[in-house]
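Coordinate analysis (summary)
Listed here are the chains, written in short residue letters.
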There are 4 protein chains.
Amino acid sequence: MAIAGASGYAGGELLRLLLAHPELGVGTVTAHSKAGDRLTTHHPQLIELADRTLEPTTAETLAGHDVVILALPHGASAEIAAQLPDDVLVLDCGADHRLTDAAAWQRFYGTEHAGSWPYGLPELVHHDGAKQRAALPGARRIAVPGCNVTAVTLALAPGLAAGVVAPDDIVAVLACGPSGAGKSLKPHLLASEILGAATPYAVGGVHRHIPEIQQNLQLAGGAPVSLSFTPTLVPMSRGILATVTAKLTGDAGSVRAAWAGAYADEPFVHLLPEGQWPTTAAVLGANTAHVQVTVDEAAGRVVAVAAIDNLTKGTAGAAVQSANLALGLPETLGLPTTGVAP
Amino acid sequence: MAIAGASGYAGGELLRLLLAHPELGVGTVTAHSKAGDRLTTHHPQLIELADRTLEPTTAETLAGHDVVILALPHGASAEIAAQLPDDVLVLDCGADHRLTDAAAWQRFYGTEHAGSWPYGLPELVHHDGAKQRAALPGARRIAVPGCNVTAVTLALAPGLAAGVVAPDDIVAVLACGPSGAGKSLKPHLLASEILGAATPYAVGGVHRHIPEIQQNLQLAGGAPVSLSFTPTLVPMSRGILATVTAKLTGDAGSVRAAWAGAYADEPFVHLLPEGQWPTTAAVLGANTAHVQVTVDEAAGRVVAVAAIDNLTKGTAGAAVQSANLALGLPETLGLPTTGVAP
Amino acid sequence: MAIAGASGYAGGELLRLLLAHPELGVGTVTAHSKAGDRLTTHHPQLIELADRTLEPTTAETLAGHDVVILALPHGASAEIAAQLPDDVLVLDCGADHRLTDAAAWQRFYGTEHAGSWPYGLPELVHHDGAKQRAALPGARRIAVPGCNVTAVTLALAPGLAAGVVAPDDIVAVLACGPSGAGKSLKPHLLASEILGAATPYAVGGVHRHIPEIQQNLQLAGGAPVSLSFTPTLVPMSRGILATVTAKLTGDAGSVRAAWAGAYADEPFVHLLPEGQWPTTAAVLGANTAHVQVTVDEAAGRVVAVAAIDNLTKGTAGAAVQSANLALGLPETLGLPTTGVAP
Amino acid sequence: MAIAGASGYAGGELLRLLLAHPELGVGTVTAHSKAGDRLTTHHPQLIELADRTLEPTTAETLAGHDVVILALPHGASAEIAAQLPDDVLVLDCGADHRLTDAAAWQRFYGTEHAGSWPYGLPELVHHDGAKQRAALPGARRIAVPGCNVTAVTLALAPGLAAGVVAPDDIVAVLACGPSGAGKSLKPHLLASEILGAATPYAVGGVHRHIPEIQQNLQLAGGAPVSLSFTPTLVPMSRGILATVTAKLTGDAGSVRAAWAGAYADEPFVHLLPEGQWPTTAAVLGANTAHVQVTVDEAAGRVVAVAAIDNLTKGTAGAAVQSANLALGLPETLGLPTTGVAP
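Residues numbered from 1 in each chain as written. Chains lettered and ligands numbered in written order. Predicted model: local features only at pLDDT ≥ 70, side-chain atom pairs only at ≥ 80, totals over all residues. Heavy atoms only, no water.

1. Some words on the overall build of chain A
- The helix and strand tally for chain A stands at 10 helices and 13 strands.
- Since a compact globule built from 342 residues should have a radius of gyration of about 20 Å, the 19 Å found for chain A is in line with a globular shape.
- Summarising its shape, the C-alpha atoms of chain A cover approximately 60 × 45 × 40 Å along the three principal directions.
- Residues counted as buried form 66% of the 342 residues belonging to chain A.
- Taking the contacts inside chain A whose residues are at least 6 apart along the sequence as the reference set, 70% of them involve residues at least 24 apart.
- A total accessible area of about 10,300 Å² is found for chain A, and carbon and sulfur atoms account for 52% of it.
- Chain A carries 18 positive and 29 negative side-chain charges, and their two centres are separated by 4 Å. (Helix = DSSP H or I, 4+ residues; strand = E, 2+ residues; numbered from the N terminus. Rg over C-alpha atoms; globule rule 2.2 N^0.38 Å. Buried < 20%, exposed > 50% of the residue type's maximum accessible area, 1.4 Å probe, protein only. Contact = heavy atoms within 4.5 Å. Areas by Shrake-Rupley, 256 points an atom, 1.4 Å probe, with all protein chains shown as cover. Lys, Arg positive; Asp, Glu negative; His and termini not counted. Charge placed at Lys NZ, Arg CZ, Asp CG, Glu CD.)

2. Concerning the packing of aromatic side chains
Residues and elements named next belong to chain B.
- On inspection of all chains with the given rule, the structure shows 4 aromatic pairs over all chains.
- Here the aromatic rings of Trp 105 and Tyr 109 are separated by 3.8 Å at their centres, their planes lie at 10°, and the arrangement is stacked. Of the two residues, Trp 105 and Tyr 109 are both situated in helix H5 (residues 102-109); the distance of 4 residues between them amounts to about one turn of the helix.
- Residue Tyr 109 is classed as buried on the basis of its relative accessible area of 11%.
- Over the ring of Trp 117 we find Arg 141; its NZ or CZ atom is 5.8 Å from the centre of that ring. (Phe/Tyr/Trp six-rings, centres within 6.5 Å; stacked < 30°, edge-to-face > 60°. Lys NZ or Arg CZ within 6 Å of the ring centre and 35° of its normal.)

3. Brief notes about the interface of chain B and chain A
- In this complex, chain B contributes 39 residues to the contact, which on the side of chain A involves 39 residues.
- On the chain B side of the interface with chain A, the three residues burying the most area are Ala 198, Pro 200 and Val 203 of chain B, jointly 14% of the side's total.
- One salt bridge connects Arg 301 of chain A with Asp 169 of chain B, and the closest N-O pair in it is separated by 2.8 Å.
- Connecting chain B to chain A are 10 residue pairs in polar contact (both at pLDDT 80 or more).
- Where the side of chain B that touches chain A is concerned, the elements lending two or more residues are strand E7 (170-176), strand E8 (199-200), strand E9 (227-233), strand E10 (240-247), strand E12 (289-296) and strand E13 (301-308) of chain B. (Buried area = accessible area lost by both parts, 1.4 Å probe. Salt bridge = Lys/Arg side-chain N within 4 Å of Asp/Glu carboxyl O. Polar contact = N/O pair within 3.5 Å; in protein donor to acceptor, adjacent residues only side chain to side chain.)

4. Details of the domain arrangement of chain A
Residue and element names in this part refer to chain A.
- Splitting chain A by domain gives domain 1 (2-117) and domain 2 (147-308).
- One C-alpha centre belongs to domain 1, the other to domain 2, and the line joining them spans 26 Å.
- Taken together, the two surfaces of domain 1 and domain 2 that pack against each other cover about 1,200 Å², and 50% of this comes from carbon and sulfur.
- The largest contributions to the domain 1 side of the interface with domain 2 come from Tyr 9, Arg 98 and Phe 108, which together make up 51% of the buried area.
- In this assembly, domain 1 and domain 2 are joined by 2 salt bridges.
- In this structure, Glu 13 engages Arg 238 in a salt bridge whose closest nitrogen and oxygen atoms are separated by 2.6 Å.
- Summed over the shared surface of domain 1 and domain 2, the result is 9 residue pairs in polar contact (both at pLDDT 80 or more).
- If you list the elements that add at least two residues to the side of domain 1 that touches domain 2, you get helix H1 (9-19) and helix H5 (102-109).
- Among the residues forming the side of domain 1 that touches domain 2, the class breakdown is 5 nonpolar, 5 polar and 4 charged. (Domains from an automatic or database assignment. Nonpolar A, V, L, I, M, F, W, Y, C, P; charged D, E, K, R; others polar.)

5. What to know about empty space enclosed by the protein
- Going through the model one piece at a time under the given rule, you end up with 6 cavities of 30 Å³ or more.
- In this structure, the largest cavity occupies an estimated 760 Å³ of space.
- Forming the walls of the largest cavity are 40 residues, and the residues nearest its centre are Leu 195 of chain A, Leu 195 and Pro 235 of chain B, Leu 195 of chain C together with Leu 195 of chain D.
- Taken together, the residues of the lining of the largest cavity sort by class into 28 nonpolar, 8 polar and 4 charged. (1 Å grid on protein atoms, 1.4 Å probe; cavity = no way out; pocket = protein on both sides within 12 Å on 5 of 7 lines; lining within 4 Å. Points joined across faces, edges and corners; volume = space filled by probe spheres on them.)

6. Here's the deal with the environment of Gly 334 of chain D
Residue and element names in this part refer to chain D.
- Residue placement: Gly 334 occurs in the segment after helix H10 (312-327).
- Sequence spacing of Gly 334 and Asp 51 is 283 residues, and the spatial spacing of their C-alpha atoms is 23 Å.
- Residues in contact with Gly 334, not counting those within four places in the same chain, are Leu 17, Ala 20, His 21 and Pro 22.

7. As for the UniProt feature "domain: Semialdehyde dehydrogenase NAD-binding" (unreviewed entry) in chain A
- Here the UniProt-annotated "domain: Semialdehyde dehydrogenase NAD-binding" (unreviewed entry) positions come out as residues 2-132 of chain A.
- End C-alpha atoms of residues 2-132 of chain A are separated by 25 Å, and the span's content is 25% helix alongside 12% strand. (UniProt positions renumbered as here; feature names shortened; annotations may be inferred.)

8. Quick look at the relation of the copies chain C and chain B
- Overlaying chain C with chain B gives an RMSD of 0.0 Å, the required rotation being 180° about an axis along which the chain moves by 0.0 Å. Given the turn and translation reported, the copies of this chain are related as if by a two-fold rotation axis. Using C-alpha coordinates, one finds that chain C approaches the rotation axis most closely at Ala 191 of chain C, a distance of 1.8 Å.
- A symmetric contact is evident, with 100% of the interface residues of chain C recurring at the interface of chain B. (Least-squares fit on C-alpha atoms with pLDDT ≥ 70 in both.)

9. Some remarks on the environment of Leu 54 of chain A
Residue and element names in this part refer to chain A.
- Within the secondary structure, Leu 54 is located in the loop between helix H2 (39-42) and strand E3 (55-56).
- Here Leu 54 falls in the buried class, since its relative accessible area comes to 2%.
- Leu 54 sits 212 residues away from Glu 266 along the chain, and the two C-alpha atoms are 36 Å apart.
- Once residues within four sequence positions are removed from consideration, Leu 54 is found in contact with Ala 6, Ser 7, Val 29, Thr 30, Ala 31, Lys 34, Ala 35, Gly 36, Asp 37, Leu 39 and His 42.

10. Let's talk about the sheet that holds strand E1 (residues 2-4) of chain B
All names here are of chain B.
- One open sheet holds the 6 strands; their spatial order is E3-E2-E1-E4-E5-E6, and the pairing between them is parallel. A single partner strand is all that each edge strand has here, and the edge strands are strand E3 (55-56) and strand E6 (141-143).
- As paired elements, strand E2 (residues 29-31) and E3 share 2 bridges and run parallel to each other. Across the sheet, the residue bridging to Thr 30 is Glu 55, located in E3.
- Packed on one face of the sheet, helix H1 (residues 9-19) meets E1, E2 and strand E4 (67-70) and runs near 165° to E1. (Pairing = 2+ DSSP bridges. Axes fitted to C-alpha atoms, helices over the stretch in contact; angles between N-to-C directions.)

11. Here's the deal with the pairing of strand E10 (residues 240-247) of chain A
Residues and elements named next belong to chain A.
- Of all 8 residues that make up E10, 7 are buried, and the element is covered over most of its length.
- In the sheet, strand E7 (residues 170-176) pairs with E10 via 6 bridges, with the strands oriented antiparallel. Considered in E10, the bridge of Val 173 is made with Thr 243.

12. A look at the interface of chain C and chain B
- With 18 residues of chain C at the interface, the matching set in chain B holds 18 residues.
- Buried area between chain C and chain B, summed over both chains or domains, comes out near 1,500 Å², and the portion from carbon and sulfur atoms is 66%.
- Three residues stand out in chain C for area buried against chain B, namely Leu 185, Leu 190 and Leu 195 of chain C, and they jointly supply 39% of the buried area on that side.
- Applying the counting rule to chain C against chain B returns 0 salt bridges.
- Per-element accounting of the side of chain C that touches chain B gives the leading share, 4 residues, to helix H7 (residues 191-194) of chain C.
- When its residues are assigned to classes, the side of chain C that touches chain B shows 11 nonpolar, 4 polar and 3 charged.

13. With respect to the sheet that holds strand E6 (residues 141-143) of chain C
Residues and elements named next belong to chain C.
- Spatially, E3-E2-E1-E4-E5-E6 is the arrangement adopted by the 6 strands of the open sheet, whose pairing is parallel. Single-partner strands in this sheet number two, and they are strand E3 (55-56) and E6.
- Where strand E1 (residues 2-4) and strand E4 (residues 67-70) come together, 3 bridges link them in parallel fashion. The partner of Ala 2 across the bridge, within E4, is Val 68.
- Sheet strands in contact with helix H1 (residues 9-19) are E1, strand E2 (29-31) and E4, and its direction is about 165° off that of E1.

Okay, structure coming up:
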């Protein structure tokens with residue numbers, strides 16, 4: 001398997017997972033400005049790959065692999081994907097192929113839409129009770145979901161699918177570690193700025209993950225959703241805690257059953273025992289989502305919370321999980337499920 | 001000035017502020033189980049008070065001071081306050097005297113209500129345009145607000161007072177440092193549990209700060225409010241970031257003016273320039289609240305965010321600010337306004 | 001395999017590793033004051049063991065397992081170990097059986113010495129060039145090293161074994177995450193105390209890990225060592241960074257070769273490429289030690305640095321590695337080698 | 001007072017302190033690439049200076065002030081200082097004018113030496129018992145010490161001055177917050193890299209602070225010193241904890257008296273009570289150093305530890321303290337002494 005964009009955080013996490021995967025080996029690793037560097041200069045944790053060097057990201061260097069994962073900035077992945085053969089499994093960790101609505105893409109990204117690919121969130125429950133998983137076996141192009149999107153979707157989709165919450169006034173507030181923003185050299189991502197600080201960003205309906213969340217939740221609930229979405233940066237390297245509330249429309253007594261039913265057989269998504277709330281520490285490094293839900297009857301709202309590791313279940317683990325499905329391997333193959341806590 | 005409960009975090013912060021206050025000196029410092037200990041055993045930062053020893057918390061040890069601040073667990077403060085003379089200024093940093101509604105107290109605390117005192121949040125704007133400040137000059141009993149309450153109230157009250165947001169479906173999610181929970185020896189407050197973790201608690205309408213927030217926001221909006229309130233612990237020692245959303249009812253164009261008007265002349269509460277969002281780091285150790293607001297028209301919601309230091313503007317600074325007002329001193333006397341950032 | 005003391009951090013980490021181990025399954029899990037609790041109440045990351053309950057720690061509950069790992073306070077492990085059959089493999093993660101010198105035990109622990117067991121640090125190079133690994137195949141009692149001890153030993157032992165540094169004036173200063181101190185409810189382990197703080201403890205020759213380090217380094221160098229040892233707590237959950245300096249006695253040009261030779265074939269201990277210094281993040285959750293060394297000719301000292309995860313290579317991973325060796329399994333079986341970074 | 005380099009962390013801290021200073025007001029604030037920006041874009045904590053704009057750093061913009069503080073990269077400060085009138089008090093927070101030995105400058109910086117200025121560490125005790133303080137009244141050029149240098153010097157100088165420790169084999173290991181490295185956009189300073197990580201840098205005698213520490217300790221001990229110096233980055237925004245050991249040469253019983261005597265009358269440097277060890281949290285935001293010392297008789301070494309805030313006592317507070325002395329103001333005027341803990 002080749003990794004394009006291997007010098008970044010998603011690339012490093014993909015390689016960590018692949019080193020432990022019994023079927024998918026590590027092939028070519030590429031980068032843009034870091035091409036020519038030794039891989040472990042950027043990822044000292046990948047000590048087993050100490051002899052690897054980053055090659056340039058081109059169709060040529062990526063050729064000859066059955067599976068290629070793109071961990072590139074949006075825009076770049078569409079361009080390179082177009083040059084890869086149709087029978088190669090290509091998974092795009094970037095945003096280019098997630099949205100089905102070209103107008104939404106245009107509105108939030110301002111560029112031409114590259115088209116949509118089968119969407120790699122197997123546990124997404126549809127309005128008809130099916131799971132998104134069904135779209136993945138045999139697929140050769142897969143769009144890996146955004147990390148914030150995964151957290152919000154997994155938190156709320158069961159309630160919408162079961163009709164116990166309303167789609168028209170959803171509020172999501174997230175606590176996010178900075179690794180989700182990648183290795184960009186921006187002042188607000190410096191350790192001195194983030195240590196001791198909680199800070200919101202992209203407030204007021206402008207975050208690019210919004211249309212993707214709406215797309216997922218509409219699949220779940222069968223109706224358009226309105227969503228207030230506020231991410232906040234907090235001082236932990238990894239992790240997303242999504243607190244999502246929606247108006248209770250059904251019977252309070254049937255709320256828990258909606259979530260329990262949706263996730264009963266899922267290997268990676270767990271509804272915690274009543275009274276136990278998710279914590280990001282418990283899913284660190286694992287392809288696992290912890291979910292909890294309760295009803296605040298006085299406020300008339302259901303509160304659903306999900307915790308994931310943005311780099312594992314939020315990105316690299318999701319890619320491997322979808323690759324397993326596409327290739328006909330066991331879905332859980334090679335994926336860690338226990339978080340590194342404390 | 002005497003401090004009861006001086007071994008805790010609120011007590012330590014009160015002493016830090018009083019050491020820099022030109023009019024209010026440090027008198028007796030008391031504690032419960034730590035009585036007899038040297039003060040700096042618990043507060044190494046208070047090096048100037050290295051010769052002080054903690055006395056037991058009794059009416060006798062607190063006697064002879066014009067001002068007494070109680071930083072005690074709820075329940076304890078009402079009992080000791082009842083034994084102090086009427087002409088002594090008593091400020092209670094605990095919850096006992098904040099709520100005016102005895103039934104709400106009973107419902108959330110399960111004990112008999114101790115009665116309500118003038119409420120020490122000077123910047124709280126009332127429905128008639130007055131500020132809570134007016135209740136404080138000359139007062140001899142003052143209830144200091146809860147830290148989460150201060151953050152949520154300052155974030156949203158101007159919109160309710162101006163009628164641009166609806167009171168009936170407010171959603172608040174907070175990122176909070178663990179010092180707000182005090183020095184209790186509880187497993188979930190251990191560093192190993194909190195480092196690298198974001199974790200919600202008291203989810204679903206059960207947090208004891210809810211009726212106090214509702215009381216404040218009803219004063220602001222003139223109508224009962226419904227509130228979904230979720231605090232989350234994040235890995236920073238101090239700080240609260242409150243993200244509060246409410247349905248837009250007025251003209252989107254008049255939203256900013258509501259907040260700007262409410263806080264234009266406030267020395268400690270600042271509406272940031274457009275586009276700049278609050279961060280807890282910028283108010284660390286300061287008696288300052290930073291506030292920002294925007295309209296998400298697609299979601300039909302106003303998003304208001306406030307950042308405070310839970311121990312300063314959230315507790316000890318608020319107490320000193322109210323003491324200044326009660327005693328006829330300049331409101332800002334001795335209070336830091338610049339955060340210790342980065 | 002049974003785990004005694006499974007409610008603590010070492011116990012949780014052992015279970016995380018065993019869940020991924022192809023040969024060693026999870027049997028009985030026991031605890032002292034937490035017996036009767038659901039395991040996941042204390043370890044939410046162990047979601048796959050959600051149906052397990054903690055049993056009391058007794059010889060009876062631990063009976064019937066081929067392998068028992070003790071993750072108990074010192075003193076407790078000797079007592080329970082004495083009740084287990086001789087043909088059961090018992091690994092003690094506590095201190096009771098590490099020291100060969102009963103007088104040193106008495107001096108640092110103040111109780112009677114329980115005797116010494118084969119010592120589970122396979123990579124420890126002896127003065128004669130052998131490795132400690134040789135003592136472990138077939139062993140049925142193994143003392144797992146202390147976490148700080150492992151870091152300091154791995155950092156410096158090659159230099160002593162090669163005779164390029166002097167044993168008589170070693171200085172070690174460590175940055176340690178608080179999880180090494182366990183889940184004890186002590187004020188200095190609260191998150192509010194540790195966030196934003198670096199703090200030394202057990203300074204001046206009183207730390208109980210000192211005689212164990214001296215024992216190891218004497219094995220390496222063949223002569224008694226004198227050691228100044230200062231650990232400091234820093235705000236990260238896991239990880240130990242040991243900075244160890246010793247006087248250069250050999251040729252500066254032969255220093256690197258001493259370390260390179262000692263660790264050339266080690267699967268878990270790596271001398272990093274020249275110029276790259278260890279970071280604890282790169283070994284998080286891995287049974288891996290990263291080591292680097294350089295010569296400061298002006299100061300006349302060699303500076304050697306090692307980074308480990310105190311719970312993995314420092315405790316639970318070391319126990320599994322030694323168990324593999326004792327049982328005749330491949331040494332690396334089931335052990336993660338890639339750190340969860342960033 | 002003018003601040004050159006006001007967009008950086010040292011500049012922001014200087015402004016925080018000046019806002020609370022009764023005699024030294026805030027005049028022109030300048031920057032290099034950030035000139036033209038609003039000051040609070042870079043320092044949201046300086047809300048009281050919300051109307052200020054950064055001007056370019058030139059002799060012209062800095063003209064007309066009695067006091068100018070330079071918080072510039074090394075090299076830049078010498079150039080601008082040369083253009084300022086002799087009767088203006090200029091304090092340089094950079095390295096250009098600290099070293100008296102031009103050859104040492106050349107060796108560590110590789111450029112021509114700009115000459116040395118009176119050195120602004122008032123508490124530095126000289127071999128003859130005098131303090132460095134004596135050099136500052138009336139001075140019009142002052143070199144502000146480096147932050148790591150201040151920590152190591154204050155930790156060990158009393159022992160050298162008293163002759164109870166040897167100068168020839170000093171070992172210093174520091175835990176440092178990343179704000180000491182400034183706002184440079186370097187990958188290793190990103191939050192994702194520093195959260196959860198302890199990492200050494202500039203190991204093996206190459207750190208530029210070494211000759212400055214040697215210069216100070218030679219002033220204290222009267223003889224050249226050899227020094228092994230290793231700083232490590234740890235995940236706290238501010239703070240330096242320096243653990244410094246030196247060989248005991250005098251009577252162990254007289255060690256504490258050496259430190260007690262040196263700092264007995266110092267307003268900003270405190271020897272803690274026996275058994276209490278410094279923590280960086282206790283000096284956060286304060287112009288205070290906490291020091292402790294003990295003898296490890298088995299190792300034959302004295303262990304001295306100092307904690308400071310790198311931006312306050314380590315930089316900006318030191319500058320204000322020296323300015324007070326130079327201008328004939330009380331040395332402690334306007335400087336905070338209580339740390340913001342927890």
